[in-house]
Amino acid sequence: MHRFIAKANVDHFMGLLNGNDLTPDRRTAITKLLIAELDKLAHDLDHLEFAEKRAAEGRDRVIRVRDSCNGHPFGTSEREQAERLLVSCENLQTVLEDFCHRLREKVNSLGGTIYSGPRRNLIY
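Values in this document were obtained by computation on a predicted structure and should not be read as measured data. Each residue is numbered by its place in its chain's sequence as written, counting from 1. Whole-chain, interface and lining totals are the exception, using all residues; otherwise, since this is a predicted model, local features are given only for residues with pLDDT of at least 70 and side-chain atom pairs are given and counted only at 80 or more. Excluded from the side-chain calculations are hydrogens and water; all other atoms, namely the structure's heavy atoms, are used.

Concerning the confidence of the model for the protein chain
Here is step 1: Across the protein chain, the average pLDDT comes to 83, with 87% of residues at or above 70.
Here is step 2: Overall, residues 112-124 carries pLDDT values under 50, and its contacts beyond four positions in sequence, including any with other chains, amount to 25 contacts. A residue's pLDDT is the predictor's confidence in that residue, given on a scale from 0 to 100. Any pair of residues with heavy atoms lying within 4.5 Å of one another is described as a contacting pair.

Here it is, written out as structure tokens:
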């Protein structure tokens, strides 16, 4: 049951982070909550497929947002907003890719730990 809730929370937090109406403090708080939920899933290797799917969806979203950003002229408020959203999407993607990488390492090491060192400092 806790796995179902953790997966639902991951999807919920990702949905919030994919929006463009968050303050930097709120984005940081939600990102921390997302990482905590991902860590709950890190103890069960069956969640690698779930994580890989979310990472693949995130890569597609980064491409779409980047294309949208490039469609706005430089110096406009639309471009600035699109650039902020792009940075948010790229940061979220970094979190997802890092989680997938740690899970893959755990699978490959057979019995290793998911925690491979301190988290990277990301700008949110």
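Comments concerning the nonpolar core
Looking at soluble globular proteins, one finds that nonpolar side chains tend to be buried together.
Here is step 1: Within the largest apolar cluster, 22 residues are counted, with the highest numbers of intra-cluster contacts made by V10, L34, L38 and F99.
Here is step 2: Those elements that provide at least two residues to this core are α1 (2-17), α2 (24-41), α3 (48-70) and α4 (77-109).
Here is step 3: Counting residues per element, this core draws most heavily on α4, which supplies six residues.
Here is step 4: Excluding residues within four positions of it along the chain, L34 makes contact with V10, F13, M14, L17, L92 and V95.
Here is step 5: Definition used in this section: a nonpolar core is a set of buried Ala, Val, Leu, Ile, Met, Phe, Trp, Tyr and Cys residues joined via side-chain atoms within 4.5 Å. Only protein chains enter the accessibility calculation, which uses a 1.4 Å probe; a residue whose area is less than 20% of its type maximum is buried, one above 50% is exposed, and one in between is partly exposed. Core analysis: the next-biggest nonpolar cluster, separate from the first, contains five residues, V62, V65, L85 and C89 among them. Secondary structure follows DSSP: runs of H or I at least 4 residues long count as helices, runs of E at least 2 residues long count as strands, and numbering of each begins at the N terminus.

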